[in-house]
Amino acid sequence: MSKNYRITLLPGDGIGPEITTVAVEMLKAVGAKSGINFVFKEALIGGAAIEATGNPLPPETLAACKDSDAVMLAAIGGYQWDNLPRAQRPETGLLGLRSGLELFANLRPASIVPQLVDASSLKREVIEGVDIMVVRELTGGIYFGQPRGVFSTETGEQRGVNTMAYTGSEIDRIARVAFETAQKRTKKLCSVDKANVLEVSQFWRDRVIEIAKEYSDVELTHMYVDNAAMQLVRSPKQFDTIVTSNLFGDILSDIAAMLTGSIGMLPSASLGASGLGVFEPVHGSAPDIAGQDKANPLAQVLSAAMMLKYGLNEPEAAQQLEKAVITVLDGNYRTGDIMSPGMNPVGCKQMGELLVQALAKI
Ligand code: IPM
Ligand code: MG
């Protein structure tokens, strides 16, 4: 019996379309092997949507996403849109997608692929064996808190304002996702905050401690965010699952990503209460290399694997995509971002062809 899934594709900007093409080919190929039929529908987001409609998240895009089984996003943004008013910037479209689909939990795994240890800027002994999952709160905190804006004060001076705010229920639900994630891993959870300075962070810590009572098998620790940033580069193996707020998670997930050598390797899953998820690489749109066949499509392919695993409950197909990635790396093929001496340089397209060939042999 063949299964049907409706996937909304949001290729976005920069290298987004090239890497989406590779991931779609891989999904078609794994689908053909596994009796899964994907119906793909493309929609506009980010700069591409601004050019076509003036709006970085057209209502039709949000509607198409809601009407699908999963969403695969590539990347948004580019220099030419950086100076537009905030409401019209590509990033606003992405944030609107997250809040519009209530994707409050962002899972960002950073694990070292043994083949790429030498691509990291850190020493082999520091990073070998690193396997971290950052659970980032995605629809609250300072990204969405009110008031926000630039206002005139009574003295006539301008004042820029953003607000870091969390309700108890927002903290509880992300904490539960994090505890459940940790339960499936090594049962170690580190909650990262700035409770020594911020009331909102003390509140975060208190609520996480409350929720911990429901998960007595998980060992909970707490760390201040500045220390966590330092510890991640000093001794990353001490971490398993990290849970943190939107802004801290944005920063720490980039650090965690770079431990692995290239941000071009890392996928992410954004999940909500409805079961509909958005799956996207952690990296950005890399406008400097867009359209030059230089992009690394592996994070996008691994995002497709996360979509199969977390979004569609097809863990075997997910594993096949992951295996294909490993096979190609074992064959010593590398895009520029993960290149090291003695490896075979390939472009995005060729990487895609090699992946499809590898998948056929699995
Ligand atoms: C990310 C990105 C986004 C964020 C930007 C593009 C709005 O950095 O997904 O980490 O800050 O969340
Ligand atoms: Mg970021």
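Undergrad: How would you sum up the site of ligand 1? Please name residues and give values.
TA: Close to ligand 1 lie E91, L94, R98, R108, R136, Y143 and D250, which account for all nearby residues. Here an oxygen atom of ligand 1 and a side-chain polar atom of R108 are 2.8 Å apart. In this structure, an oxygen atom belonging to ligand 1 sits 2.8 Å away from a side-chain N or O atom of R136. Taken by itself ligand 1 offers 320 Å² of open surface, and the protein chains cover 76% of this. For the shell around ligand 1, the leading source of residues is helix α4 (residues 90-100), giving 3 residues.

Undergrad: Report on the packing of aromatic side chains, specifying residues and quantitative values.
TA: Taken as a whole and assessed by the stated rule, the structure comprises 4 aromatic pairs. For the ring pair Y5 and F38, a centre distance of 6.2 Å and an interplane angle of 35° mean the geometry is tilted. Pair noted here: Y5 is in strand β1 (residues 3-12) and F38 is in strand β2 (residues 36-42), with a separation of 33 residues, a long-range link. The residues Y5 and F38 share a single accessibility class, namely buried. Taken together, the ring pairs connect Y5, F38 and F40 into an aromatic cluster. A cation sits over an aromatic face here: R136 above Y143, 5.2 Å from the ring centre. For R173, the ring lying beneath its charged end belongs to F104, and the centroid distance is 4.2 Å.

Undergrad: Break down helix α6 (residues 168-183) for me, citing the residues and quoting the values.
TA: Compared with an ideal rise of 1.5 Å per residue, which puts 16 residues at 22 Å, α6 spans 22 Å between its outermost C-alpha atoms and is within 8% of the ideal. In this structure, the buried residues of α6 make contact with β4 (105-111), β5 (131-137), β8 (188-193), α7 (199-212), β9 (219-224) and β10 (241-244).

Undergrad: Provide a residue-level description of the pairing of strand β6 (residues 149-152), including the pertinent values.
TA: In terms of strand pairing, β6 meets strand β7 (residues 158-161) through 4 bridges, oriented antiparallel. Looking across to β7, one finds that G149 is bridged to V161.

Undergrad: Describe helix α1 (residues 16-34), naming the residues involved and giving the relevant values.
TA: For α1, with 19 residues, the first-to-last C-alpha span of 26 Å sits near the 27 Å given by 1.5 Å per residue. Those residues of α1 that fall on the buried side of the exposure criterion are G16, E18, I19, T20, V22, A23, V24, M26, L27, V30 and G31. A positive phi of about 70° marks G35, the residue just after α1.

Undergrad: Lay out the side chain of R136 in plain terms, naming residues and giving numbers.
TA: With respect to the secondary-structure elements, R136 resides in strand β5. Assessed through its relative accessible area of 1%, R136 is described here as buried. Residues within four places of R136 in sequence aside, it is in contact with R98, F104, A105, N106, R108, Y143, I174, T244, S245, N246, G249 and D250.

Undergrad: Any details on the pattern of salt bridges? Residues and values, ideally.
TA: If you walk through the whole model with that rule in mind, you get 14 salt bridges. Between R185 and D131 there is a salt bridge; the shortest N-O distance is 3.4 Å. Residue R185 is found in the loop between α6 and β8, and its partner D131 is found in strand β5; the two are separated by 54 residues along the sequence. The class of R185 is partly exposed, set by a relative accessible area of 23%.

Undergrad: How would you sum up the packing of helix α10 (residues 298-311) against helix α11 (residues 315-330)? Please name residues and give values.
TA: Running from N to C, α10 and α11 point in directions that differ by 160°, and their axes come no closer than 7 Å. One way to sum up the angle between α10 and α11 is to call them roughly antiparallel. Here α10 and α11 pass one another in a crossing that is left-handed. For the pair α10 and α11, contact is made by L298, V301, L302, A304, A305, L308 and K309 and by P315, A317, A318, L321, E322, V325 and L329, respectively.

Undergrad: Now, about the environment of V177: what can you tell me, with residues and values included?
TA: By the secondary structure assignment, V177 is in helix α6. Taking the C-alpha atoms as reference points, V177 and L271, 94 residues apart in sequence, are found 9.7 Å from one another. In contact with V177, not counting residues within four places along its chain, are F104, A105, L107 and V135.

Undergrad: Can you break down the nonpolar core residue by residue, with the values?
TA: Within the largest apolar cluster, 90 residues are counted, with the highest numbers of intra-cluster contacts made by I7, M72, F179, M265, L308, L321 and L355. There are two domains that each give this core at least three residues, and those are domain 1 (1-107 + 265-362) and domain 2 (121-259). Judged by nonpolar contacts, the second largest core, of 15 residues, contains A43, L57, L62 and L103.

Undergrad: Which residues make up the domain arrangement of the protein chain, and what values do they have?
TA: Interfaces are often sized by the amount of accessible area the parts lose when they come together. For the protein chain, the assigned domains read domain 1 (1-107 + 265-362) and domain 2 (121-259). Each of domain 1 and domain 2 has a C-alpha centre, and the two are 25 Å apart. Contacts between the two partners involve 14 residues from domain 1, matched on the other side by 15 residues from domain 2. Buried surface at the junction of domain 1 and domain 2, both sides included, amounts to about 1,300 Å², of which 71% is carbon and sulfur. Considering only the side of domain 1, the residues that lose the most area to domain 2 are F104, N106 and L107, jointly responsible for 46% of the buried surface there.

Undergrad: Tell me what's going on with the sheet that holds β5, and back it up with residues and numbers.
TA: Overall, mixed pairing links the 10 strands, which are arranged β2-β1-β3-β12-β11-β4-β5-β10-β8-β9 in an open sheet. Both outer strands of the open sheet, β2 and β9, are each paired with one neighbouring strand and no more. Each neighbouring strand pair of the sheet contributes to a mean axis angle of 25°, computed without reference to strand direction. Where β8 meets β10, 4 bridges bridge the pair, whose relative direction is parallel. Across the sheet, the residue bridging to L189 is T241, located in β10.

Reading guide: rules and limits
- Residues numbered from 1 in each chain as written.
- Chains lettered and ligands numbered in written order.
- Predicted model: local features only at pLDDT ≥ 70, side-chain atom pairs only at ≥ 80, totals over all residues.
- Heavy atoms only, no water.
- Near = heavy atom within 4 Å.
- Polar contact = N/O pair within 3.5 Å; in protein donor to acceptor, adjacent residues only side chain to side chain.
- Areas by Shrake-Rupley, 256 points an atom, 1.4 Å probe, with all protein chains shown as cover.
- Helix = DSSP H or I, 4+ residues; strand = E, 2+ residues; numbered from the N terminus.
- Phe/Tyr/Trp six-rings, centres within 6.5 Å; stacked < 30°, edge-to-face > 60°.
- Buried < 20%, exposed > 50% of the residue type's maximum accessible area, 1.4 Å probe, protein only.
- Lys NZ or Arg CZ within 6 Å of the ring centre and 35° of its normal.
- Expected span 1.5 Å × (residues − 1).
- Contact = heavy atoms within 4.5 Å.
- Pairing = 2+ DSSP bridges.
- Salt bridge = Lys/Arg side-chain N within 4 Å of Asp/Glu carboxyl O.
- Axes fitted to C-alpha atoms, helices over the stretch in contact; angles between N-to-C directions.
- Parallel < 35°, antiparallel > 145°, perpendicular 65-115°, else oblique.
- Left-handed = near helix turned anticlockwise from the far one by under 90°.
- Core = buried A, V, L, I, M, F, W, Y, C linked by side-chain atoms within 4.5 Å.
- Domains from an automatic or database assignment.
- Buried area = accessible area lost by both parts, 1.4 Å probe.

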